[in-house]
Amino acid sequence: MAPLIAPLLIAIGKRAALSSALLGALCIVAELCFLLPELLVTRDALPLYKAHIDLCRAILQVSIFATFVLGAIGIIVTRMRTRRLGLLGITFGVVAMAMGGPQAQALDVGAMRFWSAGLDYFVLELLVLGVIFIPVEALFWLHRQKVLRHGWQIDLKHFFVSHAGVQLLSFAALIPAQVLFSWAVQPDFQRVIAAQPLWLQFMEMIALVDLATYWIHRAFHHIPWLWRFHAIHHCSTEMDWLAGSRIHPVDALLTRAVAFIPVFVLGFAPAALYSYLVFVSFHAVFIHANVRWRFPGLRWVISTPQYHHWHHASDAEGLDKNFAQFLPLWDRLFGTVHLPPGWPRRYGIDHFQAPQSYLEQLVSPFRSRKLLQAQDPDGIQ
Ligand SMILES: [Zn+2]
Ligand SMILES: [Zn+2]
């Protein structure tokens, strides 16, 4: 029995040490949000946090406590290299406590209130998604791979930038629709739209935004200079919940700008819009996850991990297929659907060496010609 228990304990200890280090780092970022809320917290969400400050402090307290417990487990049951990770987690916990712990009070930043980062969004989303998807992928994995698989640091940086910069990105994405489509706005018509039941507005938004983004996504694949940016999203060779974050800012900006056009013109009610945004951000992570669930009753109705995994396949049969984010209907209608019973064997882009750092991924679309030879050789001369 003992020879079986020892590897199991070491495996548990490794995960505990790693979780401690990651959670400890998040606690420090959360402390910064508590200390400098005017600078680091999403402006629109600040009143909500202030109204539930006790809950926020309780979450931070539990997280710091969990950092210490997981770090201690990591140190006690693992070998030297992993022990360092547990020690790092405990050090982060000590730093978080030194910054004020759960009772940290906001500092006065005077006049520096012209802009704020969305660090709260980064911390909360990473915490929630990590707590959900890391255990789910460990139990229901499709491809056996490490939690910290190749390129995870790069994807975490993409995740950080897209979440911390959410306000800037969202603001920039609103501009094209406001400049180009103001003529299409009819206040009376918008009132009728916003007066519909919320579930109906939600469904309409899913259908219309998905139709709009189907075509911009298809354009990203077929227009060479656009493909350079979108290729960054496709260069992951391992799929998991974090892989979907690998999106070049130009790709994210253009896609959101197009997605916003029907929302702007039709004027959906804010409650419908917010519920749609929550659904979108979760669904986008889910369809990249390394899970083997096939959803036999749903897979032709809404896009599932299997559906989007085929979009990322480097197997020839999957190239330029399944552009829809939500509704396979659009791919069926426009002849780009591919959903066999099985799963892709390989992901990524053949004949293309993915840039191996975050900064290289940001600049490579502006200079690399190799990307043009990747997915769509017929369209490039
Ligand atoms: Zn794509
Ligand atoms: Zn994707």
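Residues numbered from 1 in each chain as written. Chains lettered and ligands numbered in written order. Predicted model: local features only at pLDDT ≥ 70, side-chain atom pairs only at ≥ 80, totals over all residues. Heavy atoms only, no water.

Draft legend 1. Local environment of the nonpolar core. Of all hydrophobic cores here, the largest spans 36 residues; its most connected members are Phe-122, Phe-133 and Trp-241. Of all elements in the fold, only α1 (2-35), α2 (37-40), α3 (46-51), α4 (53-77), α6 (119-140), α7 (152-164) and α13 (270-286) reach the threshold of two or more residues within this core. Per-element accounting of this core gives the leading share, 8 residues, to α1. When residues of this core are sorted by domain, at least three fall in each of domain 1 (2-116) and domain 2 (166-379). The next biggest cluster of nonpolar side chains, apart from the first, holds 22 residues, and it includes Ala-259, Phe-264, Val-280 and Leu-327. (Core = buried A, V, L, I, M, F, W, Y, C linked by side-chain atoms within 4.5 Å. Buried < 20%, exposed > 50% of the residue type's maximum accessible area, 1.4 Å probe, protein only. Helix = DSSP H or I, 4+ residues; strand = E, 2+ residues; numbered from the N terminus. Domains from an automatic or database assignment.)

Draft legend 2. Representation of the coordination of the zinc ion (ligand 1) in the model. Those protein atoms acting as donors to the zinc ion (ligand 1) are His-217 (NE2), His-221 (NE2), His-230 (NE2), His-234 (NE2) and His-311 (NE2), and they sit at 2.0 to 2.2 Å. In primary-sequence terms, the residues that donate to the zinc ion (ligand 1) follow H-x3-H-x8-H-x3-H-x76-H. Within this pair, whereas His-230 is found in helix α11 (residues 224-234), its partner His-311 is found in helix α14 (residues 305-311), the two being separated by 81 residues in sequence. (Donors = N, O, S within 2.8 Å, 3.2 Å for Na, K, Ca; no water.)

Draft legend 3. View of the coordination of the zinc ion (ligand 2). Here the zinc ion (ligand 2) is held by His-233 (NE2), His-288 (NE2), His-308 (NE2) and His-312 (NE2), and the distances to it run 2.1 Å. Of note is the zinc ion (ligand 2), whose 4 donor atoms meet at the metal with angles of 95 to 154° in an arrangement that counts as irregular. The sequence pattern describing where the donors of the zinc ion (ligand 2) fall on their chain is H-x54-H-x19-H-x3-H. Placement of the pair is His-233 in helix α11 and His-308 in helix α14, with a sequence separation of 75 residues. The exposure class assigned to His-233 is buried, which follows from its relative accessible area of 6%. Look at His-308 and you get buried, because its relative accessible area is 4%. (Tetrahedral: all angles 85-135°; square planar, octahedral: opposite > 155°, others 65-115°.)

Draft legend 4. Region of interest: α6. The end-to-end C-alpha separation of α6 is 31 Å, in line with the 32 Å expected for 22 residues at 1.5 Å each. Maximum bend of α6: about 30°, positioned at Gly-130. Along α6, the residues classified as buried are Leu-119, Asp-120, Phe-122, Val-123, Glu-125, Leu-126, Leu-129, Gly-130, Phe-133, Val-136 and Glu-137. (Expected span 1.5 Å × (residues − 1). Bend = angle between axes of the 7 residues up to and from the residue.)

Draft legend 5. Local environment of α7. Relative to the 18 Å expected for 13 residues at 1.5 Å per residue, α7 spans 18 Å between its end C-alpha atoms, a close match to the ideal helical length. Residues of α7 that are buried: Trp-152, Ile-154, Asp-155, His-158, Phe-159, His-163 and Ala-164. Residues of α7 that are buried sit in contact with α6, α8 (166-180), α11 and α16 (358-367). (Contact = heavy atoms within 4.5 Å.)

Draft legend 6. Representation of the pattern of salt bridges. For the structure on display, the rule yields 7 salt bridges. Two residues, Arg-246 and Asp-155, come together in a salt bridge whose shortest N-O distance is 2.5 Å. Of this pair, Arg-246 sits in the loop between α11 and α12 (249-266) while Asp-155 sits in helix α7, and the two are 91 residues apart along the sequence. Taken individually, Arg-246 and Asp-155 each receive the classification buried, so the pair is uniform in this respect. When the shortest N-O distance is used, the salt bridge between Asp-350 and Arg-346 registers 3.0 Å. (Salt bridge = Lys/Arg side-chain N within 4 Å of Asp/Glu carboxyl O.)

Draft legend 7. Spatial organisation of the environment of Pro-365. With respect to the helices and strands, Pro-365 occurs in helix α16. On the basis of relative accessibility, which here comes to 2%, the residue Pro-365 falls in the buried class. It is 31 Å that separates the C-alpha atoms of Pro-365 and Ala-25, two residues lying 340 residues apart in sequence.

Draft legend 8. Structural context of the domain arrangement of the protein. On domain assignment, one finds that the protein holds domain 1 (2-116) and domain 2 (166-379). For domain 1 and domain 2, the distance between their C-alpha centres works out to 32 Å.

Draft legend 9. Structural detail: the packing of aromatic side chains. On inspection of all chains with the given rule, the structure shows 20 aromatic pairs. Centre to centre, the rings of Tyr-214 and Trp-215 are 5.0 Å apart; their planes meet at 80°, and the pair counts as edge-to-face. Feature note: the residues Phe-133, Phe-140, Trp-241, Phe-282, Phe-286, Trp-293 and Phe-295 constitute an aromatic cluster, connected by ring pairs. Across from the ring centre of Trp-141, 5.6 Å away, lies the NZ or CZ of Arg-292, which sits over that ring. (Phe/Tyr/Trp six-rings, centres within 6.5 Å; stacked < 30°, edge-to-face > 60°. Lys NZ or Arg CZ within 6 Å of the ring centre and 35° of its normal.)

Draft legend 10. Up close: unusual backbone geometry. Although it is not a glycine, Asp-320 sits at a positive phi angle of roughly 55°. Locating Asp-320 in the fold gives a position in the loop between α14 and α15 (328-333). The exposure class assigned to Asp-320 is buried, which follows from its relative accessible area of 14%. With a phi angle near 55°, Asn-322 is a residue other than glycine that sits in the positive phi range. Along the chain, Asn-322 turns up in the loop between α14 and α15.

Draft legend 11. Seen up close, the environment of Tyr-214. Relative to the helices and strands, Tyr-214 resides in helix α10 (residues 198-222). For Tyr-214, a relative accessible area of 0% corresponds to the buried category. Measuring from C-alpha to C-alpha, the distance between Tyr-214 and Met-97 comes to 47 Å, with 117 residues separating the pair along the chain. Residues within four places of Tyr-214 in sequence aside, it is in contact with Phe-323, Ala-324, Trp-330, Asp-331, Phe-334 and Thr-336. Within the structure, the side chain of Tyr-214 is placed 2.8 Å from the side chain of Thr-336, a separation counted as a polar contact. (Polar contact = N/O pair within 3.5 Å; in protein donor to acceptor, adjacent residues only side chain to side chain.)

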